[in-house]
Amino acid sequence: MAECGRKALSVLEAARSRYESLQISDDVFGESGDDSSDNPFYSTSGDSNSDNCCMEAGDDQRSGETMNCQSGGPPGSVSITQAEEDGWSDTLQDITVAPYNETYGPTQRMPATATCMDFFQLFVPDNAIQNMVTQTNMYAKKYQERFGSDEGWRNVTAAEMKAFLGFVTSTSVHRCESVLSIWSSGFFSNRSIALKMSQARFEKILKYFHIVAFRSSHGSHGLYKIQPFLDSLQQSFGCSTFRPSQTQVLHEPLIDEDPVFITTCTERELRKRKKRKFSLWVRQCTSTGFICQIYVHLKEGQGPDGLATLKYKPQLHSMVAKQLCQNLSGRNSIIFTGPSITSLNLYQEFEKQEIYCCGLLSTRKSDCTGLPQCMLVNPESPQQRGQSRSMMRGNTSLISWYNKGHFRFLTNAYSPTKEGVIIKRKSGEIPCPLAVEAFAAHLSYICKYDDKYSKYFIFHKPNKTWQQVFWLTISIAINNAYILYKMSDAYHVKRYSRAQFGERLVRELLNLDDCTPTQ
């Protein structure tokens, strides 16, 4: 008995140590508070319609009902007999993922004297800004040749372009409803920076601002006006500035909406506001929150890789996942995925590339092809919290775990025989397979990241899709710059918060002498 007690204590201490090392919240499965967002990827409570295995009310009346193993499963799932023929078995075995030999963190050491601008220019260097200057002036010239001269226009300079970026970036710090509010006399005015450029000059630059002025013969897709910038950004997000940890997550980041706009707009305007013509997917380091790669998918029109023609969502999300992980082959990375990406076929394909996965399954959102039906339906007998069942096929495990609702996980990164715990504020420790604990821990960190950093996305909302993508990726670049700043010697000299970092960056872009952020 004493030996069993010591073993249980050591498991609990190990779990708490893992949680503390990642600064993990102890409430991922929705017991002591609301979910972090309305994003289905994060709604992991047992009552969630997004991630729970049950269908919504009205979908074959499955919600709230128990189903036995003879009931029909989701499309693509197989009967127990077929599952056994395919190699699925209740016999469990340990699996081992090869060690991850790379060290994560910044690839270059920044000096203690490095400024916020220095970190920002790791992603948006001077040559990128100079290209914006060139392309903006070219577009203005061509526009005026076609529609008539603009006497109020003069060619923009690099200093003015940095100031232009600074003005728009300031909306992420001061939360103003419109960038033009800076020059107003209202609540959102900012006289300290408004004197750097007149409103008329800013509006002229805004009118002609371009990354790519003209369509080339090779650039016919919807993002051609921003694709060179995205390519440059992808390269800087990669190993040139930062090496991610072994554990990473694929998801759509939370994009915070303007609360002032939401409280004042009509319901029709709000619905129009939320209908973006693109979706943004990222691969994100779960140890630091650093976004290592981005993928922009246009919901309408033909994309450069043909993904826009895919209408079946699991197929589309599988292709997005492959795009985001194309540089991870042979590194023994562990990728966490949400229900829309999780699938047996994708995991098997990744395993051949030495990329291992762990993901939440949903009978509504996931591709359940090849999975045993009896693991995807609720058993008739009542379940106790922490109770689980697993089946294996090769190195892949399908886990059904109960905690005020049934949760199902697919993984080839964790042994189904190894135990973990979910730490709850109210009910203490709930036993679970190690894969469930790992998923909860890492997803909790990403939830906390989104809750904090999405508040600092640029509020400027242009009508053109390529400009929306541009300012969104600039916001991600600034967040990444702040993460690198916090991991550098410069942070130990002046410990700026995220808001102070953003404010100082704005003042450096505007080349203001007094760069001390306000408290």
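Please read these numbers as outputs of a predicted model, since none were measured by experiment. (Residues numbered from 1 in each chain as written. Predicted model: local features only at pLDDT ≥ 70, side-chain atom pairs only at ≥ 80, totals over all residues. Heavy atoms only, no water.)

Caption draft 1: Structural view of the overall build of the protein. A count of helices and strands for the protein gives 17 helices and twelve strands. Burial statistics for the protein: of 519 residues in total, 54% are counted as buried. Of the roughly 24,000 Å² that the protein leaves accessible, carbon and sulfur atoms contribute 47%. (Helix = DSSP H or I, 4+ residues; strand = E, 2+ residues; numbered from the N terminus. Buried < 20%, exposed > 50% of the residue type's maximum accessible area, 1.4 Å probe, protein only. Areas by Shrake-Rupley, 256 points an atom, 1.4 Å probe, with all protein chains shown as cover.)

Caption draft 2: The arrangement of the confidence of the model for the protein in detail. The predicted model of the protein averages 80 in pLDDT, with 77% of residues at 70 or higher. Across the protein, helix H3 (residues 116–120) holds the top mean pLDDT of 97, while helix H10 (residues 259–264) sits lowest at 46. Every residue in residues 18–71 scores below 50 in pLDDT, and together they form 134 contacts with partners more than four places removed in sequence or on other chains. Segment residues 258–263: pLDDT under 50, and twelve contacts once partners within four positions in sequence are set aside and those in other chains are kept. (pLDDT = per-residue confidence, 0-100. Contact = heavy atoms within 4.5 Å.)

Caption draft 3: Region of the structure containing the sheet that holds strand E6 (residues 333–337). The strand order across the open sheet built from eight strands is E5-E4-E3-E6-E7-E10-E9-E8, with neighbouring strands paired in mixed fashion. Lying at the two open borders of the sheet, with one neighbouring strand each, are strand E5 (291–298) and strand E8 (388–393). With direction set aside, neighbouring strand axes in the sheet form an average angle of 15°. Sheet analysis places E8 next to strand E9 (residues 396–402), joined by six bridges and oriented antiparallel. (Pairing = 2+ DSSP bridges. Axes fitted to C-alpha atoms, helices over the stretch in contact; angles between N-to-C directions.)

Caption draft 4: Focus on the side chain of Thr-171. The topology assignment puts Thr-171 in helix H6 (residues 171–174). For Thr-171, a relative accessible area of 0% gives the class buried. A polar side-chain atom of Thr-171 sits 3.1 Å from the main-chain amide nitrogen of Phe-459. Here Thr-171 is in contact with Cys-176, Val-179, Ile-458, Phe-459 and His-460, once residues within four sequence places are set aside. (Polar contact = N/O pair within 3.5 Å; in protein donor to acceptor, adjacent residues only side chain to side chain.)

Caption draft 5: Summary view of helix H5 (residues 158–169). End to end, H5 covers 16 Å across twelve residues, agreeing with the expected 16 Å (1.5 Å per residue, within 8%). Burial runs high along H5: nine of the twelve residues are buried. (Expected span 1.5 Å × (residues − 1).)

Caption draft 6: Looking closely at the packing of helix H4 (residues 126–147) against H5. Running from amino to carboxyl end, H4 crosses H5 at an angle of 100°, the nearest separation of the two axes being 9 Å. Relative to H5, the element H4 is oriented roughly perpendicular. Across the interface between the two elements, Asp-126, Ile-129, Gln-130, Met-132, Val-133 and Thr-136 from H4 touch Ala-158, Met-161, Lys-162 and Leu-165 from H5. Tallied by class, the residues present in the contact of H4 with H5 amount to six nonpolar, two polar and two charged. (Parallel < 35°, antiparallel > 145°, perpendicular 65-115°, else oblique. Nonpolar A, V, L, I, M, F, W, Y, C, P; charged D, E, K, R; others polar.)

Caption draft 7: Fine view of the nonpolar core. Counting 79 residues, the largest nonpolar core has Phe-119, Phe-123 and Phe-470 as its most contacted members. Top contributing element to this core by residue count: helix H15 (residues 465–486), with 14 residues. Not counting residues up to four positions away in its chain, the partners in contact with Phe-119 are Met-110, Ala-114, Ala-481, Leu-484, Tyr-485, Ser-488, Ala-490 and Phe-501. Counting residues in each nonpolar core, the second largest holds 29 residues, with Tyr-295, Leu-344, Leu-346 and Tyr-347 among its members. (Core = buried A, V, L, I, M, F, W, Y, C linked by side-chain atoms within 4.5 Å.)

Caption draft 8: Focus on the pairing of strand E7 (residues 355–361). Across the seven residues that make up E7, a large majority, seven, are buried. Note: E6 against E7, five bridges, orientation parallel. Across the sheet, residue Phe-336 finds its bridge partner in E7, namely Cys-358. Chirality of the crossover, the property in question, places the unit of E6, helix H13 (residues 344–352) and E7 among those that are right-handed. (Right-handed = clockwise from strand over helix to strand, strands pointing away.)

Caption draft 9: Representation of the packing of aromatic side chains in the model. Throughout the structure, instances matching the rule amount to 31 aromatic pairs. Ring centres 4.8 Å apart and planes at 75° place the aromatic pair Phe-470 and Trp-471 in the edge-to-face group. Looking at Phe-470, the relative accessible area reads 0%, which means it is buried. Residue classification places Trp-471 among the buried residues on the basis of a relative accessible area of 3%. One aromatic cluster in this structure is built from Phe-164, Phe-167, Trp-183, Phe-202, Phe-209, Phe-229, Trp-466, Phe-470 and Trp-471. In this arrangement the basic side chain of Arg-201 is found over the ring face of Trp-153, its NZ or CZ atom lying 5.0 Å from the centre. (Phe/Tyr/Trp six-rings, centres within 6.5 Å; stacked < 30°, edge-to-face > 60°. Lys NZ or Arg CZ within 6 Å of the ring centre and 35° of its normal.)

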